[in-house]
Amino acid sequence: MQLGVIGLGRMGQIVVERTLAAGHDVVAFDIDEGAVATAVDAGAVPADSIPNLCEQLGSEKRIWLMVPAGDAVDAALEELEPHVDADDIIVDGGNSHFEDSTRRAAATDAAYLDCGTSGGPAGADLGFSLMVGGPEAAYAELAPVFDAVATGPEGHDRMGPAGSGHYVKMVHNGVEYALMQAYGEGFELLHEGRYDLDLEAVARTWNNGAVIRSWLLELCEVAFREEGSDLGDVADHVAGGSTGTWTVQEALEREVPVPLIHQALAERFASRRDRFSRRLANRLRYGFGRHEVARKEE
């Protein structure tokens, strides 16, 4: 199969490399010429524009978008529009909102597959987990590529109609927030608790047979090994948050309680700022109990 890949960041390069490794052909484009050169070094054929990529793909185009969610997806689709028809297939492998994917599927002449992608840069070696929404025939047509990019045939599936792939990935990310929060709170208690513990040893022991073993816990083990049990100079700041916000918004609309995900999202936002509410609570304790007021360091 011949696949066009638009967007050659870390994840896009992995799509290129794994597709090539499975014996398929790749035509690659990115606005960053250096990224295109990296894909060419891996064995891809370069394209200098989206129209040029379409020219090289021929009459039946299979195109994988791996660009940032939002305006970049719409801009790429606008450029693709004159060059695609109902015989073509477009995959959006980014973290698009599922309602945007539904809209794009309805507006695009090509068959549109929204593909939630999980696994991060580790997917270069292991393969991704792919949650795909859209027409069943288009999904079946691209199964060989999904086999290559995912961990294998068990690493991908069609979730349902347009939007469902990114919907499942959205909820996946909400669950991820809650799991990270749970691990964080548990290890914080161990760190501040009554024993002087080697947290790398704790994580390693849990990872070998414990009920709560997981890849995230393996990453905890790596973090403590590399940073120490006190995490060294790692800052109290957690980036990201869009997919978790979408998950909580959807839960509110559907009247489904997700208190753990909601609290994890709130903690993530709280990590980014000097909270006025905490400052006020600090001062109020002086007002009612003459407790010492902690002041910022100059």
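About the thresholds
Residues numbered from 1 in each chain as written. Predicted model: local features only at pLDDT ≥ 70, side-chain atom pairs only at ≥ 80, totals over all residues. Heavy atoms only, no water. Axes fitted to C-alpha atoms, helices over the stretch in contact; angles between N-to-C directions. Helix = DSSP H or I, 4+ residues; strand = E, 2+ residues; numbered from the N terminus. Parallel < 35°, antiparallel > 145°, perpendicular 65-115°, else oblique. Left-handed = near helix turned anticlockwise from the far one by under 90°. Contact = heavy atoms within 4.5 Å. Nonpolar A, V, L, I, M, F, W, Y, C, P; charged D, E, K, R; others polar. Expected span 1.5 Å × (residues − 1). Buried < 20%, exposed > 50% of the residue type's maximum accessible area, 1.4 Å probe, protein only. Core = buried A, V, L, I, M, F, W, Y, C linked by side-chain atoms within 4.5 Å. Salt bridge = Lys/Arg side-chain N within 4 Å of Asp/Glu carboxyl O.

**Student:** I'd like to hear about the packing of helix α9 (residues 164-192) against helix α11 (residues 215-227), residue by residue, with values.
**Tutor:** With their axes 11 Å apart at the nearest point, α9 and α11 run at an angle of 45 degrees to one another. Looking at the two axes, α9 sits oblique to α11. Of the two possible hands of crossing, α9 and α11 adopt the one that is right-handed. Listed contacts from α11 to E176, L179, M180, Y183 and F187 of α9 are L216, L217, C220 and F224. Looking at the contact of α9 with α11 residue by residue, the classes come out as eight nonpolar, no polar and one charged.

**Student:** How would you sum up helix α13 (residues 259-270)? Please name residues and give values.
**Tutor:** For α13, spanning twelve residues, the distance from its first C-alpha to its last is 16 Å, which sits close to the expected 16 Å at 1.5 Å a residue. Looking only at α13, the buried set comprises I261, A264, L265, R268 and A270.

**Student:** Give me the nonpolar core: which residues, what numbers.
**Tutor:** Core analysis: the largest hydrophobic core is formed by 30 residues, its most contacted members being W64, L113, L130 and F146. Sequence-distant contacts of W64, defined by excluding residues within four places in its chain, comprise L3, G4, V5, I6, V15, V91, G93, C115, L130, V145, F146 and V149. Counting residues in hydrophobic clusters, the runner-up holds 20 residues, among them L53, L57, I63 and A76.

**Student:** Describe the pattern of salt bridges, with residues and values.
**Tutor:** Scanning the model with the defined rule gives eight salt bridges in all. E141 is the partner of R62 in a salt bridge, and the nearest nitrogen-oxygen pair spans 3.5 Å. Taken together, the residues span a long stretch of sequence, with R62 in strand β4 (residues 62-65) and E141 in helix α7 (residues 136-141) at a distance of 79 residues. Given the relative accessible area of 7%, R62 is considered buried. Residue classification places E141 among the partly exposed positions, given a relative accessible area of 34%. Of the charged contacts, one joins D74 and R103 as a salt bridge, the two residues approaching to 3.4 Å between their closest N and O atoms. With D74 in helix α4 (residues 71-80) and R103 in helix α5 (residues 98-107), the pair connects residues that are 29 residues apart, well separated along the chain. When its relative accessible area of 26% is taken as the criterion, D74 is described as partly exposed. Via salt bridges that share partners, D74, D92, D100, R103 and R104 belong to a single interconnected network.

This is a description of form; function is not addressed.
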